[in-house]
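Overview (structure and organization)
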Amino acid sequence: MNKLKIVVVAIVTLSALTFVCLKNYHAGKNEKNEENERGEAAEALGSWMEARMYPGNTLPSNNYLSAFQNSQQQKLNQTQVFPGQWTAIGPKNFGGRTLCLAFNPQNTQTIYAGAASGGLWKSYTGGTGATAWQPVPTGFPVIGVGAIAINPNDSNTIYIGTGEVYNYQNTGTGFAVRTTRGTYGIGILKTIDGGATWTQILPWQLSDLRGVQDIIINPQNPNTVFAATTEGTYRSMDAGATWTQVNNVLMSTDINYMPGDTTVMLLAAGNSFSANSGIYRSTDGGSSFIKITAGLPATWSGKTLISFNQLIPGIVYASIADQLTGIGLYKSTDGGLNWSVANTTNYATYQGWYSHDVAVRPDDPQQLFCSGVDLYHSTNAGTTLLQVSHWYNWDFNATTIGGVEGLPDYVHADIHRIYWHPTNFDTIYFATDGGIFRTTDNGATFEGCNGMYQTQQFYANFANSSQDSLFAIGGMQDNATAVYDGNLGWRRVIGGDGVSTAINPLDDNIVYGESQYLNLNRSDDHAFTFTNLGVPTGSTPNFAGPFVVCQSNPDVIYAGSDLIAKSVDGGFSWSFANGANTLDGNAVLVIEASRTDENLVYAATAPVAIPQVGLFKSIDGGDNWTNVTAGLPNKYIMDVAIDPINNQNVYVAMSGFGTDHIFKSTNGGATWNASSIGLPDVPTNTICIDPLNANIIYVGNDLGVYVSTDAGATWNIFNDGLYDATFVMDISVSPVNRKLRMATHGKGIYERPMLPITVGVTETSENIFQVSAFPNPVHDQTTIFFSSLADKNINLKLYNSKGELVMQMKNKNASDHKIDLSMKEFTEGIYFLEIEVGEKRQSIKL
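A word on the overall build of the chain. A count of helical and extended segments in the chain gives 2 helices and 63 strands. Within the chain, contacts between residues at least 6 apart in sequence are counted, and of these 56% link residues at least 24 apart. Element-wise, carbon and sulfur atoms account for 47% of the exposed surface of the chain, whose accessible area totals about 26900 Å².

For the rest of this paragraph, the subject is the packing of aromatic side chains. One pass over the full model with this rule turns up 29 aromatic pairs. When the centroid spacing of 5.0 Å and the interplanar angle of 35 degrees are considered together, the rings of Tyr-484 and Trp-490 count as tilted. Assigned by exposure class, Tyr-484 and Trp-490 land together as buried. Positioned over the ring face of Phe-528 is Arg-491, at 3.8 Å from the centre of the ring.

This part takes up the confidence of the model for the chain. When pLDDT is averaged along the chain, the result is 88; 88% of the residues meet or exceed 70. Predicted confidence for residues 1–38 stays below pLDDT 50, and this span has 160 contacts to residues more than four positions away or in other chains.

Here we take up the sheet that holds strand 54 (residues 728–734). Spatially, the 4 strands line up as an open sheet ordered 1-56-55-54, and their pairing is antiparallel. Edge strands, defined here as strands with exactly one partner in the open sheet, are strand 1 (87–90) and strand 54. Sheet twist, expressed as the average angle between the axes of neighbouring strands with direction ignored, equals 30 degrees. The pairing of strand 1 with strand 56 (residues 749–753) spans 3 bridges and is antiparallel. By the bridge assignment, Thr-87 is partnered in strand 56 with Glu-751.

Burial within strand 44 (residues 614–618) is extensive, with 5 of its 5 residues counted as buried. Note: strand 43 (residues 601–605) against strand 44, 5 bridges, orientation antiparallel. Across the sheet, Val-601 pairs through a bridge with Ser-618, a residue of strand 44.

With that settled, consider the sheet that holds strand 52 (residues 705–708). Taken together, the 4 strands give an open sheet; going across it, the order is 50-51-52-53, and neighbouring strands pair in antiparallel fashion. Looking at the sheet topology across the chains shown, the edges are occupied by strand 50 (684–689) and strand 53 (716–717). Bridge analysis of strand 50 against strand 51 (residues 697–701) gives 5 bridges, and the strand direction is antiparallel. Its bridge partner being in strand 51, Ile-689 is matched across the sheet by Ile-697.

This part covers the nonpolar core. The biggest cluster of nonpolar side chains holds 47 residues, and the ones touching the most others in it are Ile-148, Tyr-698, Phe-718 and Leu-740. Residues within four places of Ile-148 in sequence aside, it is in contact with Cys-100, Ala-102, Tyr-112, Ala-113, Gly-114, Leu-120, Ile-158, Tyr-159, Ile-160 and Ile-215. With 23 residues, the next largest nonpolar core counts Leu-589, Ala-604, Tyr-636 and Phe-663 among its residues.

Let us look at the side chain of Asn-504. Within the secondary structure, Asn-504 is located in the loop between strand 34 (501–503) and strand 35 (511–515). A polar atom in the side chain of Asn-504 sits 3.2 Å from the backbone nitrogen of Asp-507. When near neighbours in sequence (up to four residues on either side) are disregarded, Asn-504 contacts Gln-467, Ile-510 and Pro-554.

On the secondary structure map, Trp-121 appears in strand 4 (residues 120–123). For Trp-121, a relative accessible area of 4% corresponds to the buried category. A sequence separation of 16 residues divides Trp-121 from Pro-137, and the C-alpha atoms of the two residues are 8.5 Å apart. Filtering out sequence-adjacent residues up to four positions away, Trp-121 remains in contact with Ile-111, Tyr-112, Ala-113, Trp-133, Gln-134, Pro-135, Val-136, Met-452, Tyr-453, Gln-454, Thr-455 and Tyr-723. Within the structure, the side chain of Trp-121 is placed 3.0 Å from the backbone oxygen of Gly-118, a separation counted as a polar contact.

Evaluation of the coordinates by the stated rule reveals 13 salt bridges. Notably, a salt bridge pairs Arg-752 with Asp-720, separated by 3.6 Å at the nearest N-O pair. Remark: Asp-720 occurs in the loop between strand 53 and strand 54 and Arg-752 occurs in strand 56; sequence separation between them is 32 residues. Salt bridges sharing partners connect three or more residues here, namely Lys-75, Asp-720 and Arg-752.

On to the environment of Ser-252. Inspection of the secondary structure puts Ser-252 in strand 14 (residues 252–258). Look at Ser-252 and you get buried, because its relative accessible area is 0%. Discounting chain neighbours no more than four positions away, the residues touching Ser-252 are Gln-213, Ala-228, Thr-229, Gly-232, Thr-233, Leu-267, Ala-268 and Ala-269. At a separation of 3.2 Å, a polar atom in the side chain of Ser-252 contacts the side chain of Thr-233.

This part takes up unusual backbone geometry. Here the bond from Gly-90 into Pro-91 is cis, since omega is 0 degrees, no more than 30 degrees from zero. Looking at the secondary structure, you find Pro-91 in the loop between strand 1 and strand 2 (98–104). Geometrically, the link from Ala-460 to Asn-461 is a cis peptide bond, its omega value of 5 degrees lying close to zero. Looking at where Asn-461 falls in the secondary structure, it is placed in the loop between strand 29 (447–448) and strand 30 (463–464). Positive phi, normally seen in glycine, also occurs at Met-452, with a value near 70 degrees.

Rules behind the numbers
Residues numbered from 1 in each chain as written. Predicted model: local features only at pLDDT ≥ 70, side-chain atom pairs only at ≥ 80, totals over all residues. Heavy atoms only, no water. Helix = DSSP H or I, 4+ residues; strand = E, 2+ residues; numbered from the N terminus. Contact = heavy atoms within 4.5 Å. Areas by Shrake-Rupley, 256 points an atom, 1.4 Å probe, with all protein chains shown as cover. Phe/Tyr/Trp six-rings, centres within 6.5 Å; stacked < 30°, edge-to-face > 60°. Buried < 20%, exposed > 50% of the residue type's maximum accessible area, 1.4 Å probe, protein only. Lys NZ or Arg CZ within 6 Å of the ring centre and 35° of its normal. pLDDT = per-residue confidence, 0-100. Pairing = 2+ DSSP bridges. Axes fitted to C-alpha atoms, helices over the stretch in contact; angles between N-to-C directions. Core = buried A, V, L, I, M, F, W, Y, C linked by side-chain atoms within 4.5 Å. Polar contact = N/O pair within 3.5 Å; in protein donor to acceptor, adjacent residues only side chain to side chain. Salt bridge = Lys/Arg side-chain N within 4 Å of Asp/Glu carboxyl O.

This is how it looks when you write it as structure tokens:
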């Protein structure tokens, strides 16, 4: 299936709220432009939530948890059993966005990691080696893990805080109000058996937009637990059984005990312009807090992180930032009562709201590390900061699992947290947007610790070769574009945030990939080198600008900003469709073309400039468009799928809550009907129709995968092999080996055998049988597939475009539901194959 959709959508740029660049990875150069582009992380996170909440500005978290619980019960009651299960195929040689780490206090080789949308992970080897990491299922829909705390006296007791939240209960319309929430939070979970089973001890399923940023356990009394959350700071005196709010300042980002004295505590609060941002101090063990002002800025719009020194507990550092710039490194020598500026280096850069930290060496208060996009080291209490890592020195071709990921000074960009090893202070770990890194020589050199840590955040669309089952490609958040060559260790190309991809169905040497804002590239050497195609755009495209390579004629490509551009020569030249006019004033977020007719195209727009979703159809190659939105809810359209056998059958997938999520038209979009029986009420992101049996349809949503065997009338869970909840961004077909490929936002890529093509097929007067061809377009030879005609005698007639009979085959036996057909003797053109079984006839275009 070759389709185009977008998970992150158009952003309104208001003149009064135009933001300078946060981060831009250029396709041909590994360098950042900090002046001309908005931040990928911020736009991706903000747009992710905008699609799920539209047309409101809050997200009903209870709907998500309830939907997960209902799906678990549905699976228990499900009578239909499907063969096979999902298997992870990587990438396993580099990681995805990671928010936090924690060491087992009894065995520091055991480390836990919290991924931004890949759940909880564990390593028994300190993160080193080819098999370093394994996921830790919880039995709950845990997506993002923002905090981990382990009982210092009992390593079987672990707390995790869920959700990735940077802005308190607000999304607005796009980036103008700094929408930056990442994933669903459901409160705090706890295990007392080392992760075998979990309970929800801070249940936030009835609230909106909550997340847990930090958890600490009193080392002298482990029954006392504190949680820094979006709602403020909470304390439990009974190991999490009950909770009391002890500070109501919103967006609490960090909380710390003074070493050796648990009556003294510091907490930091504030982000995204939330009120009363500051550092708060307690001298009564966290029963009450007062705001500290001496030597500190009066307020800040970003977030703050704090680090005490273990040797001299009165020494404490704070990394303070505004939204788009660092304010500075601050130091206190009296346990946080009075502060002074230690350094004004802007190491947080434009990630003041998102990723920066400070950590002081436990046995030396003069040594500390500060992070933002890169890492800085000081040996004189912060007076000077020396940059010691460079994000752009990664090795795109490093494919060894657990091996070298770049030059010795490479640490992936956007460092969220810094952790000193509990016993070896020359070893420091870093949680980054590219997984987990460490130094073992106090910052002289660095190494990746990501073997088997499959936590990449893929976008749609993922592309598969039509000639080679071991060749595929897809784009990822902050980790470029990944190429699958049949190994669990993938190579990377292009750079930046990888977004949509495509492979020419007739020649898999021709590959397309893009980075943010429709930066489309083409390769003619099997995805080793790429050339930018310079797609023309109108206004700013979506962050993940949509494009589609037509299956029936791969030279035809459609790409969309607010205008739709078209190429008829494989992307080397472009012209605007629709008379260079917009469809409705909004930017295009989905494009889908018919598999059999390059002139039949659908395009959906994001309701940003104009608050109304739009779906449009062209039957003349984009020259003219008809609005076919009527009958659909005003929710983001995340995907469009056209029946490969009957172009009149069209499906759309809808995001948001409170409506049906799959709609079907049997008349080319003239009317729509809900097709959601058995589907949960959660955002739905992708549709994939079996090209050999259009009765079989797969959809992916924020919980996992569902399948229909009756053309969308009913749906069943199709999640075997997955754990907890899985954000499914794209489902595609690897046609050579008849496998589904699932691209997830947080768990990398999975594959699973497709259902047999005979599933769900009945012969009636209305649906005699189904037939398809692969490959189609045909090069020398194709295979004709039949849905339900095994062991029957079949007559085939081939007609040219003039209607002349050019070939006839009588009494062919359709063994194994297929017949091979040679086309070598025929000239290039359009042909029609008629299949006859008694008085029943079907035809297909070749």
